[in-house]
Amino acid sequence: MSNAAAIRPGRPALPEWVRRLPEYLTIWVPLLLSAAHLVSFSLWTIWISFTPSTLIPVTGWVGLRNYTAVAASRNWQIAFDNLLLFGCAFVVLSAATGLILAILLDQRIRGENVLRSIFLYPLAVSFVVTGTVWSWLLNPGLGIQKLVHDLGWTSFRFDWLIDRDMAIWTIVIAAIWQSSGFAMALFLAGLRSVDADIIKAAQIDGAGPVRIYRRIILPSLWPITITVVVIQLQFAISTFDLVRALTNGGPGIATQLPALVVYDLMFQRSLLGRGAAAAVLMLLILLAVLLPYAAWRYLQRRRAAHA
Amino acid sequence: MPITTTRRRLLAGSVATLALPAFARAQGAVKPRLTAISQWSAGSDGAAITALGKKFEEKGGVWQHSPVPGFTTEMMNKLRAQIMAGDPPACSQLKGPEIAAWSKIAPTVDLDAVVAAAGYEKVVAPDLAKLHKPGGKWIALPLQIYSTNMLFLSKRAMDKAKADKIPLTWADFNDLAEKMKSGGVAFPIANGGTRPDDGQKFEAALAGISPLAYRAAIMNLEKKALEGPEIKAAFAQVRKIADWMDPNVGAQHFSTNLKRFVDGDMGMMIMGGWAQGVLRNAGFKFEDFTIAPGPSDNGKPVFLLNADAFIFWQRKEPDLQAGQTLMAQLVMDPAIQTMYSQITGSIPVRTDVDLSGEGWSEGQRTTAAALKNAIASNQAVLSMAHNMAQENGMTAAMIDVITEYVKNKTIKPEQAATRLAEAVEGAR
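About the thresholds
- Residues numbered from 1 in each chain as written.
- Chains lettered and ligands numbered in written order.
- Predicted model: local features only at pLDDT ≥ 70, side-chain atom pairs only at ≥ 80, totals over all residues.
- UniProt positions renumbered as here; feature names shortened; annotations may be inferred.
- Helix = DSSP H or I, 4+ residues; strand = E, 2+ residues; numbered from the N terminus.
- Rg over C-alpha atoms; globule rule 2.2 N^0.38 Å.
- Buried ≥ 20, exposed ≤ 12 C-beta atoms within 10 Å, placed from the backbone.
- pLDDT = per-residue confidence, 0-100.
- Contact = placed C-beta atoms within 7 Å.
- Domains from an automatic or database assignment.
- Nonpolar A, V, L, I, M, F, W, Y, C, P; charged D, E, K, R; others polar.
- Axes fitted to C-alpha atoms, helices over the stretch in contact; angles between N-to-C directions.
- Parallel < 35°, antiparallel > 145°, perpendicular 65-115°, else oblique.
- Left-handed = near helix turned anticlockwise from the far one by under 90°.
- Pairing = 2+ DSSP bridges.

Looking at an unreviewed UniProt entry, chain B carries the name ABC transporter substrate-binding protein, with the source organism given as Bradyrhizobium nitroreducens.

An unreviewed UniProt entry lists chain A under the name ABC transporter permease, with Bradyrhizobium nitroreducens as the source organism. The UniProt entry for chain A carries the following comment under Sequence similarities (unreviewed entry): "Belongs to the binding-protein-dependent transport system permease family." According to the UniProt record, the Subcellular location (unreviewed entry) comment for chain A is "Cell membrane".

Laid out in structure tokens, this is it:
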């Protein structure tokens, strides 16, 4: 009796599944609920995109008419071109900025924690705030241009916000400001996880710091780079609040993005069918990014298992 | 068994006790209650509907107004959600052709008896009445009228231009803008750059050039009229207006520039009568600005009609039904319309309200006279930019073209006209 108590102090034996019940509940219930929501609403949206719904959802079948109408509209075409430009520019530039910040922070400098917090801070700000603040900074009559004019340099021009060709770049700027800190954090973690022995060995072999970065550290970062790129890309595709606060698709319709078009069709024009079609097209664009990533992850895992 | 019976009796008794007050309320005089949604939350609009609510409460009603700030479409999203949930408000703001469209998705209240009792039909402009009785029965009531093409002139800018004549035609308007520019007014046009604002510039230009072409192209969507020379001329006029605006205006709301307008840093504004309410609410005086009908090339005023209205949704609750009747009576009441319009700067829907008394501005009298003249000469047309001429989808397709044209100076008027015709085809 006393022996048994010593082995299992004070607690009766519970079956394995009961002991793990809290774990199952916390993992599976939310997972199933969110999956059900995601899947059921996605299917519902796909269904609506084939109906003639306008003010409210109705049944009926119009085939691909909503899709052809959306694809033929100027708004969508501009939005799609903008997405290509914004997506590429934003992903490349924010990853590059993040990497440079991470490398600079990696030099074991004093005050690293403070600097890291500063660079990560924009991520804690809502996109609406970012958009509004940058819309003031970039407005030529209020922000940077006016400041420089007031300093005496009156020929200075920085009016991208109201220049329909350059306005999309203001969104790139604001988005980079917001999320390069995130890329930095991931890259920094990657830099710190490089095996110190390899670096030591390279140093003993007489490699300089530039060479160590170029030949040893950066090549080992590429899995993280892919993660950064995919996360930032899906952010780029679904960008909505930032543009809405910064340019609201303007000047004119020069900075439309797919998410804005979806919102506009559904909730401003009361064309639910067309809005749903645009939403499904957005989903397809997302899948075009995520499926190759999933395939790549799968292959990697298989290779790791075989090795 | 006896125990069960007792329990059941007890239960029945308590249910009856609980239900009694509700039953009594339904039998006797119910206290009218109104659930209403509108976009009017702040400024003169908010003040006006709050005043209306006070009147409703004075008559013994319970006023439950939930404003949804932003454009009308924002309010519509809430309305859509409530209708789909089977819980529409007793009354909501809605206007123009949207009344007909929305009345198809949920049952509305037949107001014919209340309207007949008030003799309202005789005092409402026929074109306007038609919009509020889509199936032949009154289901909505117009509340106030605005013209979207009123011309606001800054007194100080006029002084700078040494001009005192109100421009009547677009040629006069363009001359005055040039004079203001050379007289030191930095930007002769004070408009903002939101989508409806850009739409207004175009509709004011086209209706002023030819109300007939406006009716054919924008209200009736006739293909020939959409490709006609008047559309190109209107786009050319819009380009002039855009060139006289502050290039930094971006997508700003017109009210952002009101101070610069009053100060004479900006000269003219083509805006709806509501700007008067906004100017007054911001503390500016009637002496600071002049209001006149928008330019019209044939000399007779053109009235681009925008009318706010309430639509009434069917509810079973007796208190809500009583509230709907009370609200309908209030909205048609000349005293209420006077109170409302004096706050917002609109003109009353009733054509029999006398505007000569105190509390009315010169601008409102001018607007009312313009409406009378415009109706007489068949030059009262429905505003496109404010969703009176077409439903949302069509309006938005047109404004896409117009707003892009305003902001992109490389688009030629001919190109814009072609794009407008294409956009209309695409949205049909």
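The structure having been displayed, the exposition proceeds.
Student: Describe the overall build of chain B, listing the residues and the values that go with them.
Tutor: Each helix and strand counted, chain B has 19 helices and eleven strands in total. For chain B, the C-alpha radius of gyration of 24 Å lies close to 22 Å, the compact-globule estimate for 428 residues. Each principal axis of the C-alpha atoms in chain B carries an extent, and together these give about 100 × 50 × 40 Å. Looking at chain B residue by residue over its 428 residues, the buried ones come to 52%.

Student: Can you explain the confidence of the model for chain B? Please cite residues and give values.
Tutor: All names here are of chain B. On average, residues of chain B score 90 in pLDDT, and 93% of them are at 70 or above. The least confident element of chain B is helix α1 (residues 2–27), whose mean pLDDT is 48; the most confident is helix α12 (residues 229–243), at 97. Contacts from residues 1–5, a stretch scored under 50 in pLDDT, to residues over four places away or in other chains number zero contacts. Low pLDDT, under 50, characterises residues 15–27; the predicted model gives this stretch two contacts beyond four residues in sequence or across chains. Across the predicted assembly, pTM comes out at 0.80 and ipTM at 0.75.

Student: I'd like a description of the domain arrangement of chain B, backed by residues and values.
Tutor: Residues and elements named next belong to chain B. Per the domain assignment, the segments making up chain B are domain 1 (30–144 + 308–348) and domain 2 (150–305 + 360–427). The C-alpha-based centres of domain 1 and domain 2 are spaced at 28 Å. If you look at the interface, domain 1 gives 18 residues, while domain 2 gives 21 residues. Where the side of domain 1 that touches domain 2 is concerned, the elements lending two or more residues are α2 (43–58), α3 (72–84), α4 (98–103), α6 (126–132) and α16 (334–344). Of the residues belonging to the side of domain 1 that touches domain 2, the class tally is six nonpolar, nine polar and three charged.

Student: Outline the packing of helix α3 (residues 21–48) of chain A against helix α15 (residues 272–306) of chain A, listing residues and values.
Tutor: Residues and elements named next belong to chain A. As a packed pair, α3 and α15 sit with axes 7 Å apart at the nearest point and diverge in direction by 125 degrees. With respect to α15, the element α3 is oriented oblique. Note that α3 runs across α15; the crossing there is left-handed. From α3, Ser42, Thr45, Ile46 and Ile48 reach across to α15, where they touch Leu272, Gly273, Ala276, Ala279, Val280 and Leu283. In terms of residue class, the contact of α3 with α15 is made up of seven nonpolar, three polar and no charged.

Student: So what about the pairing of strand β4 (residues 140–147) of chain B? Which residues, and what values?
Tutor: Residue and element names in this part refer to chain B. The buried fraction of β4 is high, at eight of eight residues. Alignment of β4 against strand β10 (residues 347–348), held across two bridges, turns out to be antiparallel. Bridge assignment links Gln144 to a residue of β10, and that residue is Pro348.

Student: Any chance you could break down the UniProt feature "transmembrane region" (unreviewed entry) in chain A for me, citing the residues and the numbers?
Tutor: Residues and elements named next belong to chain A. UniProt annotation of "transmembrane region" (unreviewed entry) refers to residues 27–50, 83–106, 118–137, 166–191, 212–237 and 275–296 when read in the numbering used here. A distance of 35 Å separates the end C-alpha atoms of residues 166–191, which is 96% helix and 0% strand. Within residues 212–237, the helical portion is 96% and the strand portion 0%, while the C-alpha atoms at the span's ends are 35 Å from each other.

Student: Before we move on, can you summarise the UniProt feature "domain: ABC transmembrane type-1" (unreviewed entry) in chain A with the specific residues and values?
Tutor: In the UniProt entry, the feature "domain: ABC transmembrane type-1" (unreviewed entry) is given for residues 80–293 of chain A. End C-alpha atoms of residues 80–293 of chain A are separated by 21 Å, and the span's content is 73% helix alongside 0% strand.

Student: I'd like a description of the sheet that holds strand β7 (residues 266–271) of chain B, backed by residues and values.
Tutor: Residues and elements named next belong to chain B. Strand order in this open sheet of four strands is β6-β7-β5-β8, and the pairing throughout is mixed. Two strands in the sheet have a free side with no partner beyond their single neighbour: β6 (187–189) and β8 (289–293). Pairwise comparison of adjacent strand axes, ignoring direction, gives a mean angle of 20 degrees for this sheet. Of the strand pairs in this sheet, strand β5 (residues 150–154) and β8 are connected by five bridges, and their pairing is antiparallel. Bridging across to β8, Met150 finds its partner in Pro293.

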